Amino acid sequence: MAESACGGSASEGTLGRRAAVEESATGRAAHEGILRRQSARESAARTYARALPIVPVRARGLTIEGADGRRYLDCLSGAGTLALGHNHPVVLEAIRKVLDSGAPLHVLDLATPVKDAFVTELFRTLPRGLADHARVQFCGPAGTDAVEAALKLVRTATGRTGLLAFTGAYHGMTAGALEASGEASDVRVARLPYPQDYRCPFGVGGPRGAELAARWTESVLDDPKSGVGRPAGMILEPVQGEGGVIPAPDEWMRRMRTITSARSIPLIADEVQTGVGRTGAFWAVEHSGITPDVMVLSKAIGGSLPLAVVVYRDDLDVWEPGAHAGTFRGNQLAMAAGTATLAHVRENHLAERAATLGSRMITQLRSLAREFPCIGDVRGRGLMIGLELVDPEGDREGREGGADRSADCRPLTSGTTPAAVPDSRAGSPRPADPELAAAVQRECLRRGLIVEVGGRHASVVRLLPPLTISDEQAAAVLDRLADAVETAARDHSGRPPGIRRPHGPGPQHRRQGERAERAGHTGT
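Conventions adopted
- Residues numbered from 1 in each chain as written.
- Predicted model: local features only at pLDDT ≥ 70, side-chain atom pairs only at ≥ 80, totals over all residues.
- Heavy atoms only, no water.
- Helix = DSSP H or I, 4+ residues; strand = E, 2+ residues; numbered from the N terminus.
- Buried < 20%, exposed > 50% of the residue type's maximum accessible area, 1.4 Å probe, protein only.
- Contact = heavy atoms within 4.5 Å.
- Areas by Shrake-Rupley, 256 points an atom, 1.4 Å probe, with all protein chains shown as cover.
- Expected span 1.5 Å × (residues − 1).
- Salt bridge = Lys/Arg side-chain N within 4 Å of Asp/Glu carboxyl O.
- 1 Å grid on protein atoms, 1.4 Å probe; cavity = no way out; pocket = protein on both sides within 12 Å on 5 of 7 lines; lining within 4 Å.
- Points joined across faces, edges and corners; volume = space filled by probe spheres on them.
- Polar contact = N/O pair within 3.5 Å; in protein donor to acceptor, adjacent residues only side chain to side chain.
- Pairing = 2+ DSSP bridges.
- Axes fitted to C-alpha atoms, helices over the stretch in contact; angles between N-to-C directions.
- Core = buried A, V, L, I, M, F, W, Y, C linked by side-chain atoms within 4.5 Å.
- Parallel < 35°, antiparallel > 145°, perpendicular 65-115°, else oblique.
- Left-handed = near helix turned anticlockwise from the far one by under 90°.
- Nonpolar A, V, L, I, M, F, W, Y, C, P; charged D, E, K, R; others polar.

Caption draft 1: Expanded view of the overall build of the chain. Scanning the chain for helices and strands turns up 14 helices and 17 strands. A burial count over the chain gives 54% of its 524 residues as buried. Put simply, of all contacts in the chain between residues at least 6 apart along the chain, 75% involve residues at least 24 apart. Of the accessible surface of the chain, which amounts to about 22,400 Å², a share of 52% is contributed by carbon and sulfur atoms.

See the structure below:
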């Protein structure tokens with residue numbers, strides 16, 4: 001009987017392994033077929049799908065599972081949309097509640113209990129000084145439409161047409177939003193320098209570079225021969241995301257508020273990606289303490305579903321009925337998911353958590369940068385983090401007087417959060433290396449880590465993990481990223497990168513990564 005039982009168990013084990021192999025082969029075939037059909041049928045304009053050839057079928061928290069059975073730690077988070085990660089329980093519960101209630105899902109701009117709850121929670125989170133005198137405009141479901149609405153609003157309210165925007169900006173892909181973005185040409189937008197330390201447009205960096213940028217703005221506005229008339233508004237990002245993860249110095253933000261207020265120019269803060277705790281404050285403008293006249297919000301406010309709004313001072317509310325509309329501005333499921341997300345981030349202090357963990361991750365990445373000369377700069381704020389990849393053998397860009405002015409690269413004020421402190425190596429940048437950045441992204445994907453590449457030269461590896469990421473998951477992310485950088489740097493240069501750490505993750509880090517995948521989401 002024992003032999004029979006043993007034999008039966010062995011037979012069942014063999015059948016189980018065979019079934020697993022067949023399931024894996026079926027999954028790989030489905031994965032390859034879907035990708036092949038996507039390539040054949042979808043637009044050439046697709047972007048993420050080119051660099052990330054995966055087919056997600058299940059997801060929870062930080063973890064995505066592909067059709068081929070592979071698991072990934074997702075540090076793209078829908079380009080920052082998933083503040084709580086994939087399929088967070090409070091989001092799913094909110095969506096199910098609306099579906100089970102029989103409530104209408106599409107109501108244009110009619111009032112509903114779901115919309116009322118969303119607006120109430122949104123106003124509860126707004127910066128002091130705006131919430132008590134605010135109006136909200138629901139737009140089409142993408143951030144770019146909210147930008148269009150904001151530009152239209154300030155032009156209508158002021159009777160002026162020109163705009164002030166900044167180099168490196170990204171505000172969307174529709175016509176008006178593109179005009180205000182950094183790659184635009186032949187438009188009615190005056191382009192101003194955005195302060196940064198690593199590649200300072202004035203070659204000095206730090207507080208001095210930010211001061212020069214502010215003075216340039218004042219000069220353009222006050223010089224009657226500058227060619228720039230008084231504009232309808234100024235639009236800026238508190239942290240440039242697509243521009244390369246560049247946090248605006250707090251003091252410079254305050255100067256922009258002072259400059260615009262003194263000249264009756266509405267200030268528009270684009271918080272599409274920086275909002276809902278991403279940078280370590282609920283809204284990124286809160287780091288500097290300013291109150292903008294207009295805020296553009298999308299991505300995380302919909303709790304993973306499409307939603308976009310403009311919030312603005314009530315004295316700007318001069319629109320005629322129907323002056324800006326959108327068929328899908330009444331998305332009830334997105335409002336319910338958004339209310340749950342906003343409340344969860346607020347009640348569980350996830351913005352503060354993002355500040356603490358983000359600062360720690362940036363510190364660890366800067367330690368890594370000291371071992372890898374191909375990491376030119378590490379920067380960010382909260383859980384909006386970037387590594388700029390450079391050619392370590394390229395000629396350094398000159399600084400004023402030919403000197404390395406690293407001493408200038410300090411926070412503008414003592415109030416600047418640690419996660420916004422620029423890298424001390426930011427005195428003499430090497431040439432950007434977009435090929436190496438793309439190689440790091442590929443190596444990350446091979447190790448089960450999804451990251452984005454962006455920046456002015458497509459040389460910045462970006463991390464946008466959900467605010468619910470655990471310490472253990474963060475350690476797994478950094479370990480996989482470090483291993484990917486090491487491999488990409490060695491293969492890119494054709495010789496060892498001369499680092500002090502052993503190649504590949506050790507057993508402890510491998511176990512951390514496996515546990516992080518199983519954990520999926522922290523439940524916080």
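Caption draft 2: Expanded view of helix α5 (residues 113-125). Over its 13 residues, α5 extends 19 Å from the first C-alpha to the last, a length consistent with the 18 Å expected when each residue adds 1.5 Å. Of the residues making up α5, those classed as buried are V114, K115, F118, V119, E121, L122, F123 and T125. The inward-facing, buried residues of α5 abut α4 (89-101), β4 (134-138), β11 (294-297), β12 (309-313) and α10 (332-347).

Caption draft 3: Representation of the pattern of salt bridges in the model. Counted according to the given criterion, the structure contains 27 salt bridges. Notably, a salt bridge pairs E121 with R124, separated by 3.1 Å at the nearest N-O pair. Here E121 pairs with R124, and both are found in helix α5, just three residues apart, close to one helical turn. For E121, a relative accessible area of 5% translates into the label buried. R135 is the salt-bridge partner of D317, the closest N and O atoms lying 4.0 Å from each other. On the criterion of sequence distance, the pair formed by D317 in the loop between β12 and α10 and R135 in strand β4 is long-range, its members being 182 residues apart.

Caption draft 4: Seen up close, empty space enclosed by the protein. Applying the stated criterion across every chain, the model contains three cavities of 30 Å³ or more. The computed volume of the second largest cavity comes to approximately 60 Å³. Lining the second largest cavity, in full, are Q196, R199, G243, G244, I246, R379, E388, G455, R456, H457, S459 and V460.

Caption draft 5: Molecular detail of the side chain of D250. Mapped onto the secondary structure, D250 falls in helix α9 (residues 250-262). Within the structure, the side chain of D250 is placed 3.0 Å from the side chain of R381, a separation counted as a polar contact.

Caption draft 6: Layout of the pairing of β12. When you tally the buried positions in β12, you get four out of five residues, the bulk of the element. Of the pairings in the sheet, the one linking β4 to β12 comprises five bridges and is antiparallel in character. The partner of V136 across the bridge, within β12, is V311. For β11 and β12, the ladder comprises four bridges, and the chain directions are antiparallel. Counted as the bridge partner of V296 is V310 from β12.

Caption draft 7: Spotlight on the sheet that holds strand β17 (residues 460-463). Ordered by their spatial adjacency, four strands build an open sheet running β13-β14-β17-β16, and the pairing between neighbours is antiparallel. Single-partner strands in this sheet number two, and they are β13 (375-381) and β16 (452-454). Geometrically, the sheet is characterised by an average inter-axis angle of 25° between neighbouring strands, direction not taken into account.

Caption draft 8: Examining unusual backbone geometry more closely. Positive phi is not limited to glycine here, since S264 has a value of about 55°. Examined against the element boundaries, S264 turns out to sit in the loop between α9 and β10 (267-270). Unlike most non-glycine residues, A458 shows phi in positive territory, near 55°. Along the chain, the position of A458 falls in the loop between β16 and β17. Assessed through its relative accessible area of 36%, A458 is described here as partly exposed.

Caption draft 9: Summary view of the nonpolar core. Within the largest apolar cluster, 96 residues are counted, with the highest numbers of intra-cluster contacts made by F118, L122, W252, W283, I375 and L481. Here the element with the most residues in this core is helix α13 (residues 471-493); it accounts for 10 residues. Not counting the four nearest positions on each side in its chain, L122 is found in contact with V136, W283, L297, V309, V311 and L342.

Caption draft 10: Structural context of the environment of L192. Relative to the helices and strands, L192 is located in strand β6 (residues 189-192). Once the C-alpha coordinates of L192 and A165 are considered, the two residues, 27 residues apart in sequence, prove to be 6.1 Å apart. Residues in contact with L192, not counting those within four places in the same chain, are L164, A165, F166, T167, W216, T217, V220 and M234.

Caption draft 11: Inspection of the packing of helix α12 (residues 434-446) against α13 at higher detail. It is at 8 Å that the axes of α12 and α13 come closest, and there the two elements cross at 130°. When the axis of α12 is compared with that of α13, the two are oblique. Viewed along their axes, α12 and α13 form a crossing whose handedness is right-handed. Counted together, E435, L436, A439, V440, E443 and C444 of α12 and L481, A484, V485, T487, A488, A489, D491 and H492 of α13 form the full contact between these two elements. In terms of residue class, the contact of α12 with α13 is made up of nine nonpolar, two polar and three charged.

Caption draft 12: Representation of the side chain of S288 in the model. Relative to the helices and strands, S288 resides in the loop between β10 and β11. In this view, S288 contacts D250, M253 and R254; residues no more than four positions away in its chain are not counted.

Caption draft 13: Geometry of α10. End to end, α10 covers 22 Å across 16 residues, agreeing with the expected 22 Å (1.5 Å per residue, within 8%). Between the side-chain oxygen of the N-cap and the backbone nitrogen of L333 there are 3.3 Å, and the N-cap of α10 in question is N331. Two residues or fewer past α10, H349 is found with a positive phi of approximately 55°.

Caption draft 14: Quick peek at the sheet that holds strand β1 (residues 56-60). Spatially, β1-β2-β3-β15 is the arrangement adopted by the four strands of the open sheet, whose pairing is mixed. With partners counted over all chains shown, the strands left at the sheet margins are β1 and β15 (449-450), one partner each. Two elements, strand β2 (residues 63-66) and strand β3 (residues 71-74), share three bridges in a ladder whose sense is antiparallel. In the strand pairing of β3, T63 is matched with L73.

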